[in-house]
Amino acid sequence: MSIESSNLAPAVPAVSLSESEATLLAAELKLQLRSGERLDGDRNQIEKMVAGLGDPRGLMRLTFAESLGSVGTAAVPSLCRALRRHENVTVRRAAAKTLTLIGDPSAIPDLLEALLNDADPVVQGSAVGAMAATGECAVEALINVLASPESTTMHLGLASWGLAFVGAQAPDALRRAARSTHTEVRTAAIAALGDQIQSLNDQEARDLVVEALADSAELVRAEAATLLGKLHEPLWAAPLLTPMLADSSAQVRKNTALALMKLGAVEAIADLEQAAPLETCESVKPILQLAILQLRRHQAEADGDAAG
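Small disclaimer: the values here were computed from a predicted structure and weren't measured.

A. Expanded view of the overall build of the chain. Helix and strand content of the chain: 17 helices and zero strands. Relative to the compact-globule value of 19 Å for 308 residues, the chain shows a C-alpha radius of gyration of 24 Å, a clear excess of over 25%. Counting every position in the chain, which comprises 308 residues, the buried fraction comes to 47%. In the chain, the proportion of contacts linking residues at least 24 apart, taken out of those at least 6 apart, comes to 67%. A total accessible area of about 14800 Å² is found for the chain, and carbon and sulfur atoms account for 52% of it. Side-chain charges of the chain comprise 26 positive and 39 negative groups, with the mean position of each set lying 4 Å from the other.

B. Broad picture of the pattern of salt bridges. Considering all chains together, one arrives at 17 salt bridges under this definition. With its nearest N and O atoms 2.9 Å apart, the salt bridge here joins Arg206 to Glu233. Here Glu233 lies in the loop between α13 (218–230) and α14 (234–241) and Arg206 lies in helix α12 (residues 203–212), a separation of 27 residues in the sequence.

C. Expanded view of the confidence of the model for the chain. For the chain, per-residue confidence averages 92 on the pLDDT scale, and residues scoring 70 or more make up 94% of the total. In the model of the chain, helix α17 (residues 285–307) stands out as the element of lowest mean pLDDT, 89, in contrast to helix α15 (residues 250–263), which has the highest, 98.

D. Local environment of the nonpolar core. With 97 residues, the main nonpolar core has Phe64, Leu79, Leu99, Leu193 and Leu272 as its most contacted residues. Considering every element that reaches this core, the biggest residue donor is helix α11 (residues 183–200), with seven residues. Those residues in contact with Phe64, other than ones at most four positions away along the chain, are Leu17, Ala22, Leu25, Ala26, Leu29, Met49, Gly52 and Leu53.

E. Up close: helix α5 (residues 89–102). In a regular helix each residue adds 1.5 Å, so 14 residues correspond to 20 Å; α5 covers 20 Å between its end C-alpha atoms and thus fits that length. Along α5, the residues that are buried comprise Val91, Arg92, Ala94, Ala95, Ala96, Thr98, Leu99 and Ile102. The elements touched by buried residues of α5 are α2 (43–52), α3 (58–71), α4 (76–85), α6 (108–117) and α7 (121–132). Backbone geometry just downstream of α5 places Gly103 in the positive-phi region, at approximately 65°.

F. Up close: the packing of aromatic side chains. Per the counting criterion, the structure on display carries one aromatic pair. Between Trp161 and Phe165 the ring centres are 5.6 Å apart and the planes differ by 35°, which places this aromatic pair in the tilted class. One end of the pair, Trp161, and the other, Phe165, are both in helix α9 (residues 153–166), four residues apart, so they sit about a helical turn from each other. For the cation-ring pair, Arg206 lies above Trp236, with the distance from its terminal atom to the ring centre recorded as 4.8 Å.

G. Spotlight on the environment of Leu17. In this fold, Leu17 is placed in the segment before α1 (19–34). According to the relative accessible area criterion, Leu17 is partly exposed, its value standing at 25%. Non-local contacts of Leu17, meaning those with residues more than four positions away in its chain, are made with Ala22, Leu25, Lys48, Ala51, Gly52 and Phe64.

H. The arrangement of the side chain of Asp120 in detail. Structurally, the position occupied by Asp120 is in the loop between α6 and α7. The buried category is assigned to Asp120, whose relative accessible area is 11%. Of the polar contacts made by the side chain of Asp120, one reaches the backbone nitrogen of Val123; its length is 2.9 Å. Ignoring anything within four residues of it in the chain, the contact list for Asp120 reads Val89, Arg92 and Arg93.

I. Highlighting α3. Its 14 residues give α3 an end-to-end C-alpha distance of 20 Å, which sits within 8% of 20 Å, the value for a rise of 1.5 Å per residue. Within α3 the residues assigned to the buried category are Met60, Thr63, Phe64, Ala65, Ser67, Leu68, Ser70 and Val71. Packing partners of the buried residues in α3 comprise α1, α2, α4 and α5. Phi turns positive one or two residues past the end of α3, at Gly72, with a value near 80°.

J. Seen up close, the environment of Ala96. Its place among the elements puts Ala96 in helix α5. For the pair formed by Ala96 and Ala127, sequence separation is 31 residues and the distance between their alpha carbons is 5.3 Å. Apart from the residues within four sequence positions on either side, Ala96 is in contact with Leu83, Val123, Ser126, Ala127 and Ala130.

K. Structural context of unusual backbone geometry. Although it is not a glycine, Asn201 sits at a positive phi angle of roughly 50°. Locating Asn201 in the fold gives a position in the loop between α11 and α12. Backbone geometry at His232 places phi at a positive 60°, although glycine is not the residue there. On the secondary structure map, His232 appears in the loop between α13 and α14.

L. Fine view of the environment of Asp271. Examined against the element boundaries, Asp271 turns out to sit in helix α16 (residues 269–275). Separated by 29 residues in sequence, Asp271 and Thr242 place their C-alpha atoms 6.6 Å apart. Each residue touching Asp271, except ones within four places of it in the same chain, is listed here: Thr242 and Leu245.

Thresholds, definitions, all that
- Every chain is numbered on its own, with residues counted from 1 as its sequence reads.
- Totals for whole chains, interfaces and linings use all residues, but because this is a predicted model, local features are given only for residues with pLDDT of at least 70 and pairs of side-chain atoms are given and counted only at 80 or more.
- Note: side-chain values were computed over all heavy atoms of the structure, leaving out hydrogens and water.
- Each helix is a run of DSSP H or I of at least 4 residues and each strand a run of E of at least 2, with the numbering of both proceeding from the N terminus.
- Atoms counted for the radius of gyration: C-alpha only. Globule rule: 2.2 Å times residue count to the power 0.38.
- Residue exposure (1.4 Å probe, protein chains only): buried if accessible area is under 20% of the type maximum, exposed if over 50%, otherwise partly exposed.
- Throughout, a contact is declared for two residues whenever any of their heavy atoms are within 4.5 Å.
- Residue burial considers only the protein chains on display, and all accessible areas are found by Shrake-Rupley using a 1.4 Å probe.
- Think of it this way: Lys and Arg go in the positive column, Asp and Glu in the negative one, and His and the chain ends go nowhere.
- By convention, charge coordinates are those of NZ in Lys, CZ in Arg, CG in Asp, or CD in Glu.
- A carboxyl oxygen of Asp or Glu within 4 Å of a side-chain nitrogen of Lys or Arg is what we treat as a salt bridge.
- In predicted models, pLDDT denotes the confidence assigned by the predictor to each residue on a 0 to 100 scale.
- Each nonpolar core is a collection of buried residues, namely Ala, Val, Leu, Ile, Met, Phe, Trp, Tyr and Cys, held together in the definition by side-chain atoms within 4.5 Å.
- Each residue after the first adds 1.5 Å to the expected span of a helix.
- To pair, rings of Phe, Tyr and Trp, with the six-membered ring standing in for Trp, must have centres within 6.5 Å; the planes then decide the type, stacked if under 30 degrees apart, edge-to-face if over 60, and tilted in the middle.
- Both a distance and an angle decide whether a charge sits over a ring: NZ of Lys or CZ of Arg must be within 6 Å of the ring centre and within 35 degrees of the ring normal.
- The definition of a polar contact used here is a pair of N or O atoms within 3.5 Å, where within protein one atom must be able to donate a hydrogen and the other to accept one, and adjacent residues in sequence count solely through side-chain atom pairs.

The following block contains the structure:
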């Protein structure tokens, strides 16, 4: 996967802070932050704050991160350089988290590089969080990760999470992704559609979920079943889900039973009872029985409330 780095600032001499220097600088920065004063983008000051991200004291690191967040875009090149080149993993982690506060799309190439190549999983996760904070700007990069055969399971999971986090901020991009030729992209896009269905009442997104139930890939069908269980719309979802109890995939059948249970779809009890004795997968059988039990309880409680 090709990655173009952002325009990093030219190298500057490494800056380090003694404990006393860090304490003094943090105190000064706190005063400025409390006064509501926006911190300036003086390069030397920025480098000192970035160096402070490696302080062993958590509250100190937080002060420096908040201060860099206040500086904003002017701090991005130094933070990106620290993210990609700093030998101290604490600094790399803090740099990624600070870039989340700023949400500048120009950092995406460096954040993508950190996701794909940093050895630390916390840096990887924080990099995706910072990408997602840029909203729609991050969607293309995240989709490229999902579509790449070079991506690891970790990469795929984090990119899927990032796409879901962007959610309704990028409805058009997610709808396109839901029709991708790549199974992983379609799966992640379907998982991310819930936000725009609930927030925007997006009919096209609803249609895509329905289409996904008939997808050739079981991963997509399974994700669509799970999503239907999260939408709290049993009258719409239950009739779509019950036929999936006969799906050829055990994972789809399992997700379907769990979704019906989560929806409280008591009207599906008969379908579950019909499917249970026909189930051949040992891992699915107890899920069907659990769904039947929970839905019967739900129905009994509803009948009790109605009688009362």
